[in-house]
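Summary of the model geometry
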Amino acid sequence: MSAFIKTKTQFNLAFRSLKSAPGFVASVMVTMSLTLATLFVVFSLVNTYFLKPLDVLDEQKLYVVEQEVDTPVGTHSGFQSYKAIIHWYKTQSSFEKLTPVSPNNIMLTSLPGEPRVVATFAMPDYFDILNVPMLLGQSFARDLPLEQASDNVVISEAFWQKHFDRTPDIIGQTINDGERAFNIIGVVAKSFEPPYMFYSGKTDIWLHFGSDRRFFNNGEWDNPWDNTYKSLKLVGTANQGTSQESILKDLDDRIEDIRAEWLEGYETSTDFRPLVTPYRNVELGDKGHLSLFLFAGTLGLFLIAVVNVCNLFFSRALAQHKTLALQAVLGAKRRLLFNAILTQTSILMMASVALALFISAWGIKLFKHLAAGNLPLVKSLSIDFNLLFVAISLSLLLAYVFALVTSRLINYKALKNQLQSSGKGSVNQVSTRTVKVLITTQMTFASLLIIFACLALTKTHKTLDRPMGSKVENMYSFGAFIRGENDELSITERFDKIQKIKQVFEQLPQVKGVSLGRSPVSVRITKSTLADMDGKTTDFTPQAWVGSGYFEHTGLKLLKGRTFSDEALRGEKNEVMVTESLAYLLDPNGDVLGKVYDGHEEKNEVVGITENFNHPNYFDQDKGRHIWWPSRPFGYNFIIETKPGHTLDQEKVLLTLRNEDARFNIWQFIPLNEEYGRIIYMDIITLYLSYILAAFTLLLASVGIYGVLSYNLGLRRFEFGIRMALGAKKVRLYKLLVKDAIVPLLLGVILANIITLVIYNQFYDNLSPWLTFDISFALPAILISTSIAIYASIRPMQKIIKARPMKALRNE
Amino acid sequence: MTNTTSPIKAIEKQKPIISLKNIAKTYHSSNIEIKALSDINLDIMPGDYLSISGPSGCGKSTLLSLLGLLDSPTEGEYFIQNVDTHNLSMDQQAELRNLHIGFVFQSFNLIDELSIFDNVALPLTYREDNLSQSDIESRVLQALAQVEMEHRKSHKPNQLSGGQQQRVAIARALAGQPSILLVDEPTGNLDSKNGDAVMDILNNLNRQGTTICMVTHDVRYAGHASKQIHLLDGKVVELSHAAEDTMTSVAPITNQTSQAAV
């Protein structure tokens, strides 16, 4: 018989055999396809982060330049000053293409609603380096010098859609920021994913770097050396043959020209140096570790699923024992039996993988939607060649492994003896030890996953349950301004006007309360330092500018001292307030009232100590430390609370303001509950994912334990029948179950706990941002999962014991 | 339970060990009803050597499983040692089996992972009255001696031949000193030589006073018993006593009878 016909025959036999066992096929396919789909989705993330080349000009030569500053309290990196960046940009000789990049929010007054958008300031090389695809028009002209502002703007496709309704004649239209008009010269295709390192990949428009008024402002304002920005960086493609070390040396050498000026301008620094990092590393940040952590978790799930399916194959082999025995007696060699099993496993695995790929396509789509703006490179997730290769390899490998394991467990010699002993199941094919090891392993894996899911849940719950320090329901924060008013009015006049505007809002029927200041409930925060009179400086600490009524209004308790005086709010006095944890950092006794510290101004007196402000995203670093500065009258920043059932919107606020002064513009308008939602978004996702992971793991583990026990009890059903025939009562049989199943199960749980403790202690630094070990949270989960597993063990036994012994003896 | 005495322990020597009255067993499968046994009336006295024979599918093993409390009748009453088994719990039935019934199966049904000694000792370890280790040991050795398998007590079942395994199975049944031995096709898996050897053991045991109820399809071995029952289509059609050399037909053996039973 030709090989083709043999294969075809074998395939037909296998297919027919599988068709007669729909339950088995469904169990295997559901288990494998769901688990593989999860694995594929997470693999696509790992693939994008570590394997797939980035869609940039030349990734191998692409670097990001930042600065590293030594201060008496430590070294800070990743916060850059304009002067340093521009100096390096102008003097370096290591890059063939280079651009400074800095995003900022600007308000576009020419558009309805005067929206605030994200503008990325960059040089023309930006579009080459990052392979920016232009849908329409072009990017910036190359001949424009760095310092020269340009009246050209490039917009994103989403911006075009939202504000211009994709009008075909977009090129040549203008947008206005209230002072300058910009001509739209190009539209970037929506397939472009701006770098995550800049404002989490959010960009609406691109402007020439020379148009950035934070630095290029005709001398109106000097952006000093110690005014640093996290999202200001240099991105460039190095010259051919230039290594990272030589770039570093080149930029380090350039510092000598400006060292004296830098040290003078950055008083708290003692030394500084460039930081040159491959682009991918900066782009991923710590998200790379997250993806690996997720991958490890998914692999654990996958292993449980594999063990489960092995058990199902064992059961199937048992059910097919007589058929296999007959084949052995009729002369079938071991190899033929193996091939028969391999054909079945191959069909199942190929079908499972195909289904998994289909599910993962949707999974990737969902993941992209959920993770957009929260994880880098999300748009690049896809089913690509790497993933397909992994899928096909896995299907072949799993088919072989399942066939091998199943055939190894079949005692070939005993098969023939089976028929001689009339096949009443008296031959125990698998040793009790093997089954015990299976149960222990299964439970260890499952418990490990459940424990780690609980630790992640604990962390997330702690974050979500921790009081932040500000009300957010019915709370709105907005900033308004009148151009040029700071030059027209004195500080006192501005202060009085602000008080008047405050009263106007307080009198609105839907308003419950108003306070001055910018709410610290924000995705992005700013930080500064406090230095005592001996020059000892704190680490960078979150800060906010607030009015005297802020604390009572938002619910943050004043623990000691008082709030800001009117003189401080008018800028006539330098005052500062701190949170309790910052007070204890400044003084071991927390006794800082009346003490004086340098900050933005010199000699700021600490007048009050408040409860901690626990920003969910920064609590791990800052532990509730916060600096409160008095909100000076340089802008109209208010926090408004509406009465229950009432809302506020930007239009209403603008109308109210313009009723007082038609020149008012709104810089930003933020409903605080929405902003809080954005802050905790990743925590919510982690919460749901952890619950789903824990539940899925529990389900798989229960199915697996049930399968192992069913299989084991199925093998031993006849043995139990004999024992019952000899007079064994239920208690004796349950004791046997405890010895053979429950004890290995509990051993698995104990092992998992030990392994968890060891891993958590060894890798505490890497794991603590994601996991918290809290026994009061993990213990119920362990108890529940163990109880479910024990129930899954007892259930098959109950069926046997309840039935008449004769059923067991007949192997029914 | 009557008075304060466990019904299981109420033993009266001259009354039948086992009494079946109008026993029937019906199996239900999908929409098919199969009457495996009907209208069985039978008394087994102490010391009886009863064989149950009949063609394949006539209900022999079903009857034996009912006798051994491994299954329950659909109709009728079953008394063992004067105890009505109808309302006994599963545990009470297990205790009854352990104390009064010894089983010998066709396919030996020894437990592979236990040694011969442990296989024979197994029913003794289920006793409620907690026999001491020395008691168990002596009973096991005595039972093994009766079947001449003492020298293989440390071996595993798969190290023995079929005949040897069957002898061990008989020893296991004897170890508990039961009131009755229920033997299902003891020679079914053995060659004639081993079969004869096993039958010799059973015959000797009966001579020593052990009550035996044996299912066999082998006419030669059926004749070893002092009482023979012939089943056909779930009914007793012949009852003969070998000592009196009489045969009683319970029902005429006709085709019409066969069809009616089905």
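Here the residue numbers are simple positions, counted from 1 along each chain's written sequence. For naming, the first written chain is A and the first written ligand is 1, with later ones following in the order written. In view of the model being predicted, local features appear only for residues whose pLDDT reaches at least 70, and side-chain atom pairs are presented and counted only at 80 or more, with totals across whole chains, interfaces and linings using the full set of residues. Calculated side-chain values reflect all of the structure's heavy atoms, with hydrogen atoms and water omitted.

Focus on the side chain of Ser102(A)
Residues and elements named next belong to chain A. Using the following cut-off: Numbering goes from the N terminus for both helices and strands, where a helix is a DSSP run of H or I of at least four residues and a strand is a run of E of at least two. Exposed residues in this analysis have more than 50% of their type's maximum accessible area, buried residues have under 20%, and partly exposed residues fall in between, with area computed by a 1.4 Å probe over protein chains only. Between N or O atoms, a polar contact is any pair within 3.5 Å; within protein, one atom must be a potential hydrogen donor and the other a potential acceptor, and residues adjacent in sequence are included only when both atoms are from side chains. It only takes one pair of heavy atoms within 4.5 Å for two residues to be counted as in contact.
Its location among the elements puts Ser-102 in strand S4 (residues 95-107). Residue classification places Ser-102 among the buried positions, given a relative accessible area of 1%. Here the side chain of Ser-102 touches Arg-214 through a polar contact of 2.8 Å, side chain to side chain. Residues in contact with Ser-102, not counting those within four places in the same chain, are Tyr-82, Ala-119, Thr-120, Phe-121, Phe-209, Asp-212, Arg-214, Ser-231 and Leu-232.

A look at the interface of chain B and chain A
The condition that has to hold: Summed over both partners, the accessible area (1.4 Å probe) lost when two parts come together is defined as the buried area. Put simply, a salt bridge is a Lys or Arg side-chain nitrogen that is within 4 Å of an Asp or Glu carboxyl oxygen.
Opposite the 29 residues of chain B that make contact, chain A presents 28 residues. Interface area for chain B against chain A, summed over the two sides, is near 2500 Å², with a carbon-plus-sulfur share of 53%. Of all residues in chain B, the largest losses of buried area upon contact with chain A belong to Leu70(B), Met90(B) and Tyr126(B), amounting jointly to 25% of the total for that side. Where chain B touches chain A, the interface holds one salt bridge. Put simply, Lys729(A) and Glu95(B) hold a salt bridge, and the shortest N to O gap is 3.3 Å.

Considering a nonpolar patch on the surface
Residues and elements named next belong to chain A. As a reminder, the rule being used: Only residues whose relative accessible area exceeds 30% and that form no salt bridge enter a patch; like-charged residues are grouped when within 9 Å of one another, and nonpolar side chains (Val, Leu, Ile, Met, Phe, Trp, Tyr) when within 5 Å. Note that accessible areas follow from Shrake-Rupley with a 1.4 Å probe, and for residues the cover is restricted to the protein chains shown.
Side chains of Leu-757, Phe-773, Ile-775, Leu-779 and Leu-783 sit close together on the surface and give an oily, nonpolar patch of about 440 Å² of accessible area. Per-element tally for the nonpolar patch: the top contributor is helix H25 (residues 775-802), with three residues. Mapped onto the elements of the fold, Leu-757 is located in helix H23 (residues 730-762).

Observations regarding the packing of aromatic side chains
Residue and element names in this part refer to chain A. Going by this rule: Within 6.5 Å between ring centres, the rings of Phe, Tyr and Trp (the latter by its six-membered ring) count as paired, and their orientation is classed by plane angle as stacked under 30 degrees, edge-to-face over 60, tilted in between. Ring-over charges, as used throughout, are those where CZ of Arg or NZ of Lys falls within 6 Å of the ring centre and within 35 degrees of the ring normal.
One pass over the structure, following the stated rule, counts 30 aromatic pairs over all chains. Seen in terms of ring centroids, Phe-385 and Phe-389 are 6.3 Å apart; in terms of plane orientation they differ by 25°. Their pairing is stacked. Here the residue Phe-385 and the residue Phe-389 both occupy positions in helix H11 (residues 385-409), the gap between them amounting to four residues, near one helical turn. Of the aromatic side chains, those joined through ring pairs into one cluster are Tyr-82, Phe-209, Phe-215, Phe-216 and Tyr-229. Over the ring of Phe-619 we find Arg-466, and its NZ or CZ is 3.6 Å from the ring centre. For Arg-524, the ring lying beneath its charged end belongs to Tyr-199, and the centroid distance is 4.0 Å.

Observations concerning a negative patch on the surface
Residue and element names in this part refer to chain A. As a reminder of what qualifies: Think of it this way: Lys and Arg go in the positive column, Asp and Glu in the negative one, and His and the chain ends go nowhere. Here the site of a charge means atom NZ of a Lys, CZ of an Arg, CG of an Asp or CD of a Glu.
On the surface, a cluster of negative charge is contributed by Asp-226, Glu-261, Glu-264, Glu-267 and Glu-602. Take Glu-264: it is sitting in helix H6 (residues 244-265). Since its relative accessible area comes to 65%, Glu-264 is described here as exposed.

Some points on the confidence of the model for chain A
In plain terms, the rule: Scored from 0 to 100, pLDDT records how confident the predictor is in each individual residue.
Looking at chain A, pLDDT values average 86 and 92% of them are 70 or higher. pLDDT under 50 marks residues 419-429 of chain A. Its contacts with residues more than four places away, or in other chains, come to 29 contacts.

A word on the environment of Met134(A)
Residues and elements named next belong to chain A. Checked against the element boundaries, Met-134 lands in strand S6 (residues 134-137). A relative accessible area of 28% means that Met-134 is categorised as partly exposed. For the pair Met-134 and Phe-192, spaced 58 residues apart in sequence, the C-alpha to C-alpha distance is 8.9 Å. Excluding anything up to four places from it in sequence, Met-134 contacts Phe-127, Ser-139, Val-154, Gly-186, Val-187 and Val-188.

Let's talk about the pairing of strand S2 (residues 32-44) of chain B
Residues and elements named next belong to chain B. Defined as follows: In this scheme, strands are said to pair when DSSP sees at least two bridges between them.
Relative to S2, strand S1 (residues 18-29) runs antiparallel, the two being bridged by nine bridges. Paired with Tyr-27 across the strands is Ile-34, a residue of S2. Here S1 hands over to S2 after two residues, with Ser-30 in that stretch at a positive phi of 55°.

Some remarks on the confidence of the model for chain B
All names here are of chain B. On average, residues of chain B score 82 in pLDDT, and 86% of them reach the 70 mark or higher. Counting interchain partners and residues more than four positions distant, the pLDDT-below-50 stretch residues 1-6 has three contacts. Low confidence marks residues 244-262, where pLDDT is under 50. Its contacts with residues over four positions away, or in another chain, come to 25 contacts. The ipTM assigned to the predicted complex is 0.72, against a pTM of 0.67.

So, the side chain of Asn105(A)
Residues and elements named next belong to chain A. Its location among the elements puts Asn-105 in strand S4. What makes Asn-105 buried here is its relative accessible area of 15%. Contacts of Asn-105, omitting those with residues within four sequence positions, involve Arg-116, Val-117, Val-118, Tyr-199 and Trp-667.

Thoughts on the packing of helix H2 (residues 22-51) of chain A against helix H10 (residues 334-371) of chain A
All names here are of chain A. Note the following rule: Here an axis means a line fitted to C-alpha atoms, over the contact stretch when the element is a helix, while the angle between two N-to-C directions is reported on a 0 to 180 degree scale. Each angle is binned into one of four classes, with values under 35 degrees roughly parallel, values over 145 roughly antiparallel, values of 65 to 115 roughly perpendicular, and all other values oblique. Note on convention: the crossing is left-handed when the near helix lies turned anticlockwise from the far helix by less than a right angle, right-handed when the turn is clockwise. Throughout this entry, Asp, Glu, Lys and Arg are counted as charged residues, while Ala, Val, Leu, Ile, Met, Phe, Trp, Tyr, Cys and Pro are counted as nonpolar. The remaining residues, Gly among them, count as polar.
Where H2 meets H10, the axes come as close as 7 Å, and the angle between the chain directions of the two elements is 45°. Relative to H10, H2 is oriented oblique. Between H2 and H10 lies a crossing whose hand is right-handed. Looking at the contact of H2 with H10 residue by residue, the class counts come to 21 nonpolar, five polar and no charged.

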